[in-house]
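So you can see what is in the structure, the chains are spelled out below.
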Amino acid sequence: MIPVRHLTILGSTGSIGVNTLDVVARHPDRFRVVALTADKSAKKILEQCRRFQPRYAVLLDEASAEWLKTEVRAAGLATEVLSGVESLEKVASLADVDTVMAAIVGAAGIRPTFAAARAGKQVLLANKETMVMAGRIFMDVVKENGATLLPIDSEHNAIFQSLPQHFKGDLGAVGVRRILLTASGGPFRQLPLSSLEHVTPGQACAHPNWVMGQKISVDSATMMNKGLEVIEAHWLFEAAPEQIQVVIHPQSIIHSMVEYVDGSVLAQLGNPDMRTPIAHALGFPERIETGVTPLDMFKVARLDFEAPDFKRFPCLRLAYQALATGGSAPAILNAANEVAVESFLKCQMPFTAIPAMIEEVMQAVGRKDIATLNDVLAADGLAREAAHEWLTCLA
Ligand code: NAD
Ligand code: MG
C-alpha cells in the first residue's frame, strides 16, 4: 500500500503553490492536503479549499480571512479559517502533518519555515530567502529536530539528484570537486548595457524560460536569484564559495551539474517546469507522474554555456561578497534586495538602482555576528530601515 502524505502548503496561491497542487491532484491516493496558506489572495484560496478540502486555510491578512470565513461557511466546507503569522507557524507544525512545502516568497517565509523544521517535518524548501538569511541556524535546527530537507529550487534539486544518495554533507568524502550552478541569464543577458536603465517591470518579469512569481522574476533579471542560490547551495551542500561555479546556460535544460574528482560530470536535465523538482521531492524516494512534457533532445538540438558577466550582473558579485563576509551580511543583502525589487516593481526606481541600493545598504548597516533567529530578524529590520532611508533620499 502507498503511504499517504499529509501536507501543509505555505504559499499555496503562488507559482510554486499552484504547481504543487497540480502534482498533488494527480495523485489523490498519495496526498492529503491538511492546510493551505496565503497572504491575502482570498478568492484563490477559496477555490483551492473547494477542490482540496483542507482542515485549515490561513491568510496572513485578517480582513481577507474574515471574508474567507463567511464564504467557506456559505459553501458548506468544514475548513477552519485562521489569520496571522502565529497561525502560519501553527499549521506548519501540526502533529498529523508530515510534509511542509515552504513556498512563501521572501523573508516573510522565515518564521513558518523554521516552525516546520523545529517540528521535525519533511521540509520541501522553495523559500530560498530563509536559507540566505539564516543558513547556519536553519541547518542546525533541521539537524537538532530530525527534520528532513528536500530542495525545490530546480538547481538545488538537480544537484541533490546528481549527488550520491548516501551524501551526508561532506562533498570531499563522495569525490565531488565542484558544483556547476546553471543560470539562464534572464531576459537581459544580451541587452546593450546602456539600455538596462530604461527597462520596465513588465520586461523584467518576462523570463525567457520560466513562469514564476514577480519577485523571483526580477531577481532572475538582475541575477540576484543566482546569487541567492549560491548562498543556498553553500549551506545545503556544505560547499565552499570557490566550489560553486555559476554557468550561464540560456536554454535552461540542464538544471545544474556536479563535477567529480575522476572527471565525471553528472547533470539533471528536463524541460523547465517546476512540477519536476516538486514531484521529485513530494514522491521522494519514488518517482511520480507530473504531466511535464518529456524532453525532446532533437527539438532542443543544442546546449550553450557562457561565463557570468559580473559587470552586467553586479548583484551576483554582491551575493558572493555577502557570503564571504558572513554573519548578518547575507540577511542584509536579502532585505535590501526585497525593498529594492518592490520599489522597482512600483516604478519608484530604475532597474540599475537595484544593485546600487543594495551595495550602499550593505555598507551602511555593517556585518554583525548571528547566533539566533532574532539576530537575523534584527539585521533584516535594520537593512529595511536603511533601504527606505535610501529611497527617501532618491525621491
Ligand atoms: P509567488 O509570489 O508566486 O507566491 C508567493 C506565495 O506566498 C503566495 O501564496 C502569497 O500569498 C504568499 N505570501 C506572499 N507574501 C506573504 C506574507 N507576507 N506572508 C505569508 N504569505 C505570503 O512566489 P513564487 O514564485 O511561488 O515563489 C515562492 C518561493 O519559491 C520564493 O522564495 C522563490 O524564490 C522560490 N522559488 C520559486 C520558483 C518558481 O518557479 N516560482 C522557483 C524556485 C524557487
Ligand atoms: Mg532556481
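Throughout this description, residue numbers start from 1 for each chain and increase along the sequence as written. Chains and ligands are labelled by the order in which they are written, letters from A for the one and numbers from 1 for the other. Totals for whole chains, interfaces and linings use all residues, but because this is a predicted model, local features are given only for residues with pLDDT of at least 70 and pairs of side-chain atoms are given and counted only at 80 or more. Each side-chain value is derived from all of the structure's non-hydrogen atoms; neither hydrogens nor water enter the calculation.

Chemist: Before we move on, can you summarise the pattern of salt bridges with the specific residues and values?
Modeler: By definition, a salt bridge exists where a carboxyl oxygen of Asp or Glu is found within 4 Å of a side-chain nitrogen of Lys or Arg. Within this structure, the stated rule accounts for 26 salt bridges. Here Asp380 makes a salt bridge to Arg384, at a shortest N to O gap of 2.9 Å. Taken together, the residues Asp380 and Arg384, both in helix H16 (residues 373-394) and four residues apart, mark about one turn of the helix. Residues joined in a network through salt bridges with shared partners are Lys128, Asp153, Glu155, Lys226 and Glu229. Secondary structure elements follow DSSP: runs of H or I no shorter than four residues count as helices, runs of E no shorter than two count as strands, and numbering proceeds from the N terminus.

Chemist: Break down the coordination of the magnesium ion (ligand 2) for me, citing the residues and quoting the values.
Modeler: Only nitrogen, oxygen and sulfur atoms qualify as donors, provided they sit within 2.8 Å of the metal or within 3.2 Å for Na, K and Ca; with water excluded from the atoms, sites may seem incomplete. For the magnesium ion (ligand 2), the protein coordination sphere consists of Asp153 (OD), Glu155 (OE) and Glu229 (OE), at 2.1 to 2.2 Å. Counting gaps between the donor residues of the magnesium ion (ligand 2) yields the pattern D-x1-E-x73-E. Here Glu155, found in helix H7 (residues 154-162), pairs with Glu229, found in helix H10 (residues 224-237); they are 74 residues apart in sequence, far enough to count as distant. Assigned by exposure class, Glu155 and Glu229 land together as buried. With a 1.4 Å probe rolled over the protein chains alone, any residue whose accessible area is under 20% of its type maximum counts as buried; one over 50% counts as exposed, and the rest are partly exposed.

Chemist: If you had to explain the pairing of strand S10 (residues 254-260) to someone new, which residues and values would you point to?
Modeler: For a regular strand, the rule is simple: side chains alternate between the two faces of the sheet. Taking burial as the measure, the seven residues of S10 include seven buried ones, the bulk of the element. One ladder, built from four bridges, connects strand S8 (residues 176-183) with S10; its direction is antiparallel. Across the sheet, Val176 pairs through a bridge with Tyr260, a residue of S10. Paired strands are those between which DSSP finds at least two bridges. Hairpin remark: S10 followed by strand S11 (residues 265-269), antiparallel, with four residues in the connecting loop; positive phi at Gly263, about 100°.

Chemist: Outline the site of ligand 1, supporting the account with residue identities and numerical values.
Modeler: Put simply, a residue is near a molecule or strand once any heavy atom of it comes within 4 Å of that molecule or strand. The environment of ligand 1 is made up of 24 residues, and the closest members are Thr13, Ser15, Ile16, Asp39 and Glu129. Whenever two N or O atoms come within 3.5 Å, that pair is a polar contact, provided that in protein one can donate a hydrogen and the other can accept it, and provided that, for residues adjacent in sequence, both atoms are side-chain atoms. Between Gly14 and ligand 1, the recorded distance is 3.1 Å, taken from a backbone N or O atom to an oxygen atom. In this structure, an oxygen atom belonging to ligand 1 sits 2.9 Å away from a main-chain N or O atom of Gly213. In isolation ligand 1 exposes 830 Å². Once the protein is present, 88% of that is buried. Broken down by secondary-structure element, the contributors of at least two residues to the shell around ligand 1 are helix H1 (15-25) and helix H6 (128-144). Classification convention: Asp, Glu, Lys, Arg as charged; Ala, Val, Leu, Ile, Met, Phe, Trp, Tyr, Cys, Pro as nonpolar; all other residues, Gly among them, as polar. Residues that form the shell around ligand 1 fall into these classes: twelve nonpolar, eight polar and four charged. Here the Shrake-Rupley method, with its probe set to 1.4 Å, supplies the accessible areas, and only the displayed protein chains count as covering residues.

Chemist: Kindly report on a nonpolar patch on the surface, identifying the contributing residues and their values.
Modeler: Together, Leu269, Met297, Leu303 and Phe305 make up an exposed nonpolar region whose accessible area comes to about 330 Å². Counting through the fold element by element, Leu269 comes out in strand S11. Residues qualify for a patch when their relative accessible area is over 30% and they have no salt bridge, like charges being joined within 9 Å and the nonpolar side chains of Val, Leu, Ile, Met, Phe, Trp and Tyr within 5 Å.

Chemist: Run through the sheet that holds S8, naming residues and quoting values.
Modeler: Across the sheet, four strands lie side by side as S9-S8-S10-S11; this open sheet has mixed pairing. Looking at strand neighbours, the two that pair on one side only are strand S9 (244-248) and S11, the edges of this open sheet. Averaged over all pairs of adjacent strands, the angle between strand axes in this sheet comes to 20°, irrespective of strand direction. Sheet strands in contact with H7 are S8, S10 and S11, and its direction is about 40° off that of S10. Across the sheet, H10 is in contact with S8 and S9; its angle to S8 comes to roughly 150°. Only the stretch in contact is used when fitting a helix axis, every axis being a line fitted to C-alpha atoms; angles between N-to-C directions are given from 0 to 180 degrees. Note on definitions: a residue-residue contact is assigned when non-hydrogen atoms from the two residues lie within 4.5 Å.

As far as function goes, none of this settles anything; it's purely spatial.
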